[in-house]
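# Examining the three-dimensional arrangement
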Amino acid sequence: MIIQPKVRGFICITAHPDGCAEHVQQQIEYVKAKGPLADMPKRVLVIGSSTGYGLASRIVPAFAGGAATLGIFFERPSDNGKPASAGWYNSCAFEKAAHAAGLYAKSINGDAYSEEIKKLTIDRIKEDLGHVDLVVYSLASPRRTNPKTGLTAKSTLKPVGAPFTAKTVDTDRGIVTDITIEPASEEEIADTVTVMGGEDWEMWIDALSAAGALAPGAKTVAYSYIGPDITWAIYRNGTIGRAKEDLEATAERLTHKLAPTGGAAFVSVNKALVTQASSAIPVVPLYISLLYKVMKERGLHEGCIEQIERLFAEHLYNGAAPQPDEKGRIRIDDWEMRPEIQAAVAAVWPGVTTETLPQVSDIVGYREEFLRLFGFGLPGVDYAAEVEPDMPMPSA
Ligand code: NAD
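Our subject in this report is the structure included herewith. (Residues numbered from 1 in each chain as written. Predicted model: local features only at pLDDT ≥ 70, side-chain atom pairs only at ≥ 80, totals over all residues. Heavy atoms only, no water.)

### Quick word on the site of the ligand
Near the ligand there are 29 residues, and of these Ser50, Tyr53, Ala112, Lys244 and Thr275 occur at the shortest range. For the ligand, an oxygen atom lies 3.2 Å from a polar atom in the backbone of phenylalanine 74. Interatomic distance of 2.6 Å between a side-chain N/O atom of threonine 275 and an oxygen atom of the ligand. Computed on the free molecule, the ligand has an accessible area of 840 Å², of which 92% lies beneath the protein chains in the complex. (Near = heavy atom within 4 Å. Polar contact = N/O pair within 3.5 Å; in protein donor to acceptor, adjacent residues only side chain to side chain. Areas by Shrake-Rupley, 256 points an atom, 1.4 Å probe, with all protein chains shown as cover.)

Printed below as a string of C-alpha cells:
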C-alpha cells in the first residue's frame, strides 16, 4: 500500500515503516558519530522504549556502549492491512539495527502498568540477561489501571486552583487562539498522579529487586519537565506537575532502596520537545515552536537523541558524576532554561498571533518534526512507492 500521513488533531493515525526506520537510523548515526562512551551499562531495561525519550534511551546505551537492551512499550502492530503505529515500526528498525551490530535486543509489547508484563519482563531478564544495570522509566500514557485495585485512572492536563487562559496553537492549521481551561477537581489531580506519578516506577523497581533482576549498583532514571512561567499554570503547577512532583519524590525513596548495593535513582529534567506525548498538552506546542526558533538561531537546539546522549555522557556514565540541582534532579533542560533563551521567547510570546506565527516561531520546523515522529518527510524515502505495512518484530 501507499502510506500517507493522516493527521487528526494532535495525532497522526498512520505511520510509514521505511520512514520510521530512517528516523531511527539517523539517531543511531548521531550516536555513532559522537563515539563510544566509557563505563556504560551492559544490560538495560527501557520501559517506554518505542518513541521519544525512551527510544533515544535505548539507542544511546546500545550504540555508544554495546548494551543488550530489553524494550517495553504499548504499540499497535499492523492489522487488516492498516499501518502499525510508529513505535512498532521504530522498535522493529531498532532491533534490526541492533542485531546487525551483534547486540542483544528484545521487546515486549503490552501494558507496562500490569503485573503480567512486569512478570514477563522479569522472566525474560532472568533467562537471557541474568540482571540489568540500568532501568530507564519513560512512560507517557493517558490512563493506567492499578494492578492492585483494578481501578483505571485517567490523566488530565489542567491547571490547579484557578482557570487558566493563554494562547495556544492548532499546529496543523497554524491558528493561534486563546484557550481557557477550568481547574482540575481533586479527583482529577489524584488520578493524574496515579497515572504519571512515581507509583508504577516504584512497583517496577520493587518487583525487579525482589526477583534478583537488578545488578548490584544498578541505576534507574525517570524523566520530568519544569519549563518556563508561560506554561507554568498548565504544566508545572498543573495536574501533570503534581504527578512530576510525585515522580521526583519517588526517586529519593528508590535511592534509599538501591543505595545498599551502590545503586541510585535519578530524575532527569529534560527539554520540551515535539513528541506524541507533548503535542497533546494545550499551550505547550506554541511554546515549543517559539523555543525551537530561538534555540536553532543560537545553535543550541537538541532533539531527544542529543539530549539523552548528553545525559549519559555528562551525568550518568562516561566517568561523569551527576550534577544535580538543589532538589537532586539532573538538569538537561539547562540550555532551554538559560535566561537569554527564556527572555527571547518571553519577548515574542505576547505578540504572537495567527498572522505573526510564521515569522516569530518555527511552526514549520514543529510540523516537520511532528511528521517525522510518524516516519514522514525523511530524506531518501520513496513515499510514492508501495510498502508492506505488516512487519513482524524481529525478536518475536
Ligand atoms: P512518547 O509518547 O514519545 O513515549 C511514550 C512511551 O510510553 C512509548 O514508548 C509508549 O509505547 C509507552 N507507553 C505508553 N503507555 C504504555 C503502557 N501502558 N505500557 C507500556 N508502554 C506504554 O513520550 P515522551 O515525550 O518521550 O515522554 C517520555 C517521558 O519523558 C515522560 O515521562 C514525559 O513526561 C517526559 N518528558 C517529556 C518531555 C517532552 O517535551 N516530550 C520533556 C521532558 C520530560
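Don't stop here, the text continues.
### Some thoughts on a nonpolar patch on the surface
On the surface, a cluster of nonpolar side chains totalling about 260 Å² of accessible area is made up of Phe10, Ile11 and Ile13. If you trace the backbone, phenylalanine 10 turns up in the loop between β1 (7-8) and β2 (11-12). The exposure class assigned to phenylalanine 10 is partly exposed, which follows from its relative accessible area of 46%. (Patch = residues over 30% accessible without salt bridge, like charges linked within 9 Å, V, L, I, M, F, W, Y side chains within 5 Å. Salt bridge = Lys/Arg side-chain N within 4 Å of Asp/Glu carboxyl O. Helix = DSSP H or I, 4+ residues; strand = E, 2+ residues; numbered from the N terminus. Buried < 20%, exposed > 50% of the residue type's maximum accessible area, 1.4 Å probe, protein only.)

### Notes on the environment of alanine 100
You can see alanine 100 is positioned in helix α3 (residues 86-100). Take alanine 100: its relative accessible area is 71%, and that puts it in the exposed class. Between the C-alpha atoms of alanine 100 and glutamine 307, which are 207 residues apart in sequence, the distance is 25 Å.

### Structural notes on the sheet that holds strand β13 (residues 330-331)
Strands pair in a sheet through their backbones, by hydrogen bonds, and they do so in one of two ways: parallel or antiparallel. Spatial ordering of the open sheet is given by β5-β4-β3-β6-β11-β12-β13, a layout of seven strands whose pairing is parallel. Looking at strand neighbours, the two that pair on one side only are β5 (105-109) and β13, the edges of this open sheet. In this sheet, strand β6 (residues 132-137) lies alongside strand β3 (residues 43-47) in parallel orientation, the contact comprising four bridges. When the bridges of β6 are listed, valine 44 appears paired with leucine 134. Docked against the sheet, α3 engages β4 (68-73) and β5, running at close to 160° with respect to β5. This element, helix α8 (residues 239-258), spans β11 (214-224) and β12 (264-269) of the sheet and lies at about 155° to β12. (Pairing = 2+ DSSP bridges. Contact = heavy atoms within 4.5 Å. Axes fitted to C-alpha atoms, helices over the stretch in contact; angles between N-to-C directions.)

### A few points about the pattern of salt bridges
By the definition in use, this model includes 20 salt bridges. One salt bridge connects lysine 106 with aspartate 128, and the closest N-O pair in it is separated by 2.8 Å. Highlighted residues: lysine 106 in strand β5 and aspartate 128 in helix α4 (residues 115-129), separated in sequence by 22 residues. Taking relative accessible area as the criterion, lysine 106 reaches 25% and is therefore assigned partly exposed. You can call aspartate 128 partly exposed: its relative accessible area is 30%. Between arginine 331 and aspartate 333 there is a salt bridge, with the nearest N and O atoms lying 2.8 Å from each other. Taking relative accessible area as the criterion, arginine 331 reaches 21% and is therefore assigned partly exposed.

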